[in-house]
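Chain by chain, the residues run as shown.
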Amino acid sequence: MKRVSQLLLLGALILLPGKGVQAETPQDPVYVKTSNGWNAAYAHGNEYAEFRVIGNGAKLQDPYHILLQKGIGMMVSFVDKKELQNDTKLLSAHAQWEIDYWHQHASRVESNTREDLTGTRKDVKVTEIRVYNDKGAQMSSYLIGLAAKDGVFVLSVSPAKKDVDPLVKDLVSSFKLVPRKLDAEEAKRLSSEAKAQR
């Protein structure tokens, strides 16, 4: 696991030739192993989202897919505000965009805003979505959206069940926007913080 986290961090720090040494913003989320899970950062432009995946049972499948625990998965993504018709209410626009997508691909879609999982935060929105096919089979997920300057960072956790609520609350509490570029120095700082947590 230590090697995996080192490779993910190393893969994210691509040095570019030029005047001095500069680092390109990682295209994929970056994960650093801690004593109790993973610290993660996902950059877009001059800002990034950070979050913690708590629990030693969490397994990275690839930079965008994590098995949080047996039977519970998470996908990490970013939705550009252009996809949301540049709506100024990004979090509501994102939730509606997801719901509209599922209406095109499912027999029935139910959604519910879960303010009980976000508390008083206005920069984060949790939407529970249940999708049904024509035979009645169901898929459910929590969409955790974090508003950013150019869109919405999204953590999608599936399935949506009452016993998953505490895990979603933990993710929400750690899901924060950092108004800095995720360059080599910033990644080094994140790695140092993670080492201090071990």
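As a reminder, the structure under discussion sits directly above these lines.
What counts, and where the lines are drawn
- Throughout this description, residue numbers start from 1 for each chain and increase along the sequence as written.
- Whole-chain, interface and lining totals are the exception, using all residues; otherwise, since this is a predicted model, local features are given only for residues with pLDDT of at least 70 and side-chain atom pairs are given and counted only at 80 or more.
- Heavy atoms throughout the structure, all of them, feed into the side-chain values; hydrogens and water do not.
- Here a helix means four or more residues in a row that DSSP labels H or I, a strand means two or more in a row labelled E, and each is numbered from the N terminus.
- Only protein chains enter the accessibility calculation, which uses a 1.4 Å probe; a residue is then buried when its area is under 20% of its type maximum, exposed when over 50%, and partly exposed in between.
- The contact criterion used throughout is that any non-hydrogen atoms of two residues lie within 4.5 Å.
- Note on areas: these come from Shrake-Rupley sampling with a 1.4 Å probe, and a residue is covered only by the protein chains present in the view.
- Should DSSP find at least two bridges between two strands, the strands are taken to pair.
- To get an axis, fit a line to the C-alpha atoms, keeping to the stretch in contact for a helix; angles then go from 0 to 180 degrees between the N-to-C directions.
- Any Lys or Arg side-chain nitrogen located within 4 Å of an Asp or Glu carboxyl oxygen qualifies as a salt bridge.
- To form a nonpolar core, buried Ala, Val, Leu, Ile, Met, Phe, Trp, Tyr and Cys residues must be joined to one another through side-chain atoms within 4.5 Å.
- Think of it this way: a Phe, Tyr or Trp ring, Trp meaning its six-membered ring, pairs with another when their centres are within 6.5 Å, and the plane angle makes it stacked under 30 degrees, edge-to-face over 60, tilted otherwise.
- We call a charge positioned above a ring when the Lys NZ or Arg CZ atom is no farther than 6 Å from the ring centre and deviates by at most 35 degrees from the ring normal.

Our focus in this paragraph is the overall build of the protein. Counting its regular elements, the protein contains 5 helices and 13 strands. Looking at the 198 residues of the protein, the share that counts as buried comes to 44%. Within the protein, counting contacts between residues at least 6 apart in sequence, those at least 24 apart form 51% of the total. Of the accessible surface of the protein, which amounts to about 10900 Å², a share of 52% is contributed by carbon and sulfur atoms.

Another point: the sheet that holds strand β8 (residues 72-80). The strand order across the open sheet built from 7 strands is β6-β7-β8-β12-β11-β10-β9, with neighbouring strands paired in antiparallel fashion. Sheet topology places β6 (59-62) and β9 (108-113) at the edges, where each strand pairs with a single neighbour. Strand-to-strand twist in this sheet, taken as the mean axis angle between neighbours without regard to direction, amounts to 25 degrees. One ladder, built from 4 bridges, connects strand β7 (residues 65-69) with β8; its direction is antiparallel. From the neighbouring strand, H65 faces β8, where its bridge partner is M75. Of the strands in this sheet, β8, β9, β10 (124-132), β11 (138-147) and β12 (151-158) are in contact with helix α2 (residues 90-105), which crosses β10 at around 10 degrees. Running over the sheet, helix α4 (residues 165-174) touches β7, β8, β10, β11 and β12 and is turned about 20 degrees from β11.

By the definition in use, this model includes 8 salt bridges. Here E128 ties to R130 by a salt bridge, and the two come within 2.7 Å at their closest N and O atoms. Owing to a relative accessible area of 11%, E128 belongs among the buried residues under this scheme. Two residues, E186 and R180, come together in a salt bridge whose shortest N-O distance is 2.9 Å.

Turning to the nonpolar core, a few remarks are in order. By size, the foremost hydrophobic cluster in this structure holds 32 residues, and its most contacted members are F51, M74, I144 and V157. Mapped onto this core, the elements with two or more residues apiece are β4 (37-44), β5 (47-54), β7, β8, β10, β11, β12 and α4. Look past the residues within four positions of M74 in its chain and what remains in contact with it is F51, V53, Y64, H65, I66, L68, L155, S156, V157 and L171. Residues L84, I129, V131 and V154 belong to the second largest nonpolar core, which totals 13 residues.

So, on to the sheet that holds β5. Strand pairs in the sheet, formed through backbone hydrogen bonds, run parallel or antiparallel to each other. Reading across the sheet, the 4 strands line up as β3-β4-β5-β13 and stay open at both edges, with antiparallel pairing between neighbours. This sheet does not close on itself; its edge strands, each paired only once, are β3 (30-34) and β13 (176-178). The mean inter-strand angle of the sheet, taken between neighbouring strand axes irrespective of direction, is 25 degrees. Direction of pairing for β3 relative to β4: antiparallel, over a ladder of 5 bridges. When the bridges of β4 are listed, V30 appears paired with A41. Sheet strands in contact with α4 are β5 and β13, and its direction is about 145 degrees off that of β5.

The next subject is the environment of A58. Along the chain, A58 turns up in the loop between β5 and β6. Using a relative accessible area of 1% as the deciding quantity, one classes A58 as buried. Residues A58 and N36, spaced 22 residues apart in sequence, show a C-alpha to C-alpha distance of 9.3 Å.

Further remarks concern the packing of aromatic side chains. Counted under the stated rule, the structure contains 7 aromatic pairs. Summarising the aromatic geometry, the rings of Y31 and F51 are spaced 6.5 Å apart at their centres and angled 80 degrees between planes, so their arrangement reads as edge-to-face. Taken together, the positions of Y31 in strand β3 and F51 in strand β5 put the pair 20 residues apart, joining distant regions of the chain. An angle of 90 degrees between the planes, with centres 5.9 Å apart, marks the rings of F51 and F175 as edge-to-face. Separated by 124 residues along the polypeptide, F51 in strand β5 and F175 in the loop between α4 and β13 bring together distant segments of the chain. Neither F51 nor F175 differs from the other in exposure class; each is buried. What links up through ring pairs into an aromatic cluster is the set Y31, W38, F51 and F175. Across the ring face of Y132, the terminal group of R108 is positioned such that the distance to the ring centre comes to 3.9 Å.

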